[in-house]
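# Structure at a glance
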Amino acid sequence: MKKIDLRSDTVTQPTQKMREAMFHAVVGDDVYEDDPTIKELEEYAAKIVGKEDALFVPSGTFGNQLALFTHCKRGDEVILGDDCHIVMHEVGGASVIAGVQLRTLMSDKGELNSNEVAEKIREDDIHFPSTGLICIENAHSNGRVISMENMKSIYQIAKSRQIPVHMDGARLFNAASYLEVNVVEITKYCDSVMFCLSKGLCAPIGSMLAGTKNFIDHARKKRKLMGGGLRQAGFLGAAGLIALKEMRERLKEDHENALRLGKELSQIPGLEVFLDDIHINMVYFCMSQTGYNPDRLVEEMNKRGIIINPIEDGMMRYVTNYWINQGDIDYIIKSMREILI
Ligand SMILES: *Cc1c(COP(=O)(O)O)cnc(C)c1O
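Quick look at the structure, then. As the structure is a prediction and not an experimental result, all values here were calculated from the model. (Residues numbered from 1 in each chain as written. Predicted model: local features only at pLDDT ≥ 70, side-chain atom pairs only at ≥ 80, totals over all residues. Heavy atoms only, no water.)

## Section: the nonpolar core
This is how the line gets drawn: Joining through side-chain atoms within 4.5 Å is the link that ties buried Ala, Val, Leu, Ile, Met, Phe, Trp, Tyr and Cys residues into a set, and such a set is a nonpolar core. A simple rule labels every residue: compare its accessible area, found with a 1.4 Å probe on the protein chains alone, to the largest value its type can have, and call it buried under 20%, exposed over 50%, or partly exposed in between. Note: domain ranges come from an automatic or database domain assignment. Note on contacts: a residue pair is in contact if any heavy atoms of the two residues lie within 4.5 Å.
Ranked by size, the top nonpolar core spans 59 residues in total, and within it Val49, Ile134, Leu172, Phe173, Phe195 and Leu244 carry the most contacts. Built from parts of two domains, this core gets at least three residues from each of domain 1 (4–9 + 250–340) and domain 2 (14–247). Setting aside residues no more than four positions away along its own chain, Leu172 makes contact with Val49, Asn138, Ala139, Met167, Val183, Ile186, Thr187, Val193 and Phe195. The next biggest cluster of nonpolar side chains, apart from the first, holds 27 residues, and it includes Leu297, Met316, Tyr318 and Ile329.

Laid out in structure tokens, this is it:
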């Protein structure tokens, strides 16, 4: 039986074309900057996000932490949302690696209030830490896309106070697809951006960090310190190039599938689906009103070949991806109805 994996878009396997490209990849030692495939990937990645340079990193977490480490000095303060990935899901790395203090603002569904950001930027005072960085996340891991206006207003404030902005764009291309803009329209509101090759874009491993040439030169050395200087990384780069060249445009199919799944699930009595939050490939719902045990749902779905995550903070999350087609969506809906009605 085919397995349908709704846990995340990180579960995506590489495509056949990626596997072939990896097999044939021309590689070299990338610490010596000798890997032509990684060079090509870094140039291409920088170009599509409108930055001077880019760097291949092992993971999204690595890229974010490297950005903090490169932008900030120890003891600096970073302004960011209380529900962002850097705060919630990176193991407290900011305090261990960059040695920075995180100043969290309460986010409104992923968006920071720009006036509050302005207020929280530190003045020069012997008692105060220096504000080293502002981070935003787009698309947000709550499934929503941050508006252009919000990004713009935060960026303007940051520029007026000479504070850099880093964007956690793990799902940057999902955001561009939702907003129906070229990705540079988003990345023009940040100084550095991290985006994942290994999520909806299907590459097996890797993320990119992009920014100015000077920033990337410094980040390259810090990447080495962090143990992320990889040798024949072109095998991964080859898959990454296909991810960026061929897999970006189709993300809208995942979004359409998620929206249809969400709408159909909302028809099931007692299931509260957060339809307004389905901007990309994620469907969040609450099942407490059904009276059905969420752990049992996991088991029953598993029996039908559908893998789902257990409940987290009272919410279930289903994520669509390249390997889940329209027929699979029908089957998921049918299975949910069978179990819950
Ligand atoms: C997945 C994700 C990351 C981290 O990526 P990993 O490759 O899993 O380390 C960072 N930020 C956001 C918003 C993510 O969704």
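## A look at the pattern of salt bridges
So the rule is basically this: In what follows, salt bridge is the name for a side-chain nitrogen of Lys or Arg lying within 4 Å of a carboxyl oxygen of Asp or Glu. Every helix listed is a DSSP run of H or I at least four residues long, and every strand listed is a run of E at least two residues long, numbered separately from the N terminus.
Within the structure shown, the criterion is met by 24 salt bridges. Residues Asp29 and Arg231 are paired through a salt bridge, measuring 3.1 Å at the closest nitrogen-oxygen approach. Of the two residues, Asp29 is situated in the loop between helix 1 (16–24) and helix 2 (36–48) and Arg231 in the loop between helix 10 (213–225) and helix 11 (234–246); the sequence distance between them amounts to 202 residues. On the accessibility criterion, Arg231 (39% relative accessible area) is partly exposed. A salt bridge links Glu185 to Lys188; its shortest N-O distance comes to 2.8 Å. Residue Glu185 is classed as partly exposed on the basis of its relative accessible area of 30%.

## Regarding the sheet that holds strand 10 (residues 282–286)
Note on sheets: strands pair through backbone hydrogen bonds, and any given pair is parallel or antiparallel. For clarity, the threshold we go by: At least two bridges found by DSSP between two strands are what make those strands a pair.
Read across the open sheet, the three strands follow the order 9-10-12; overall the sheet is antiparallel. Because the sheet does not close on itself, it has two edges, and the strands there are strand 9 (272–273) and strand 12 (316–319).

## Re unusual backbone geometry
The phi torsion of most residues other than glycine is negative, and most of the peptide bonds are trans. With an omega of -5°, the peptide bond between Asn138 and Ala139 qualifies as cis. Even without being a glycine, Lys109 presents a positive backbone phi close to 50°. Of note, Lys109 is situated in the loop between strand 4 (101–105) and helix 6 (114–120).

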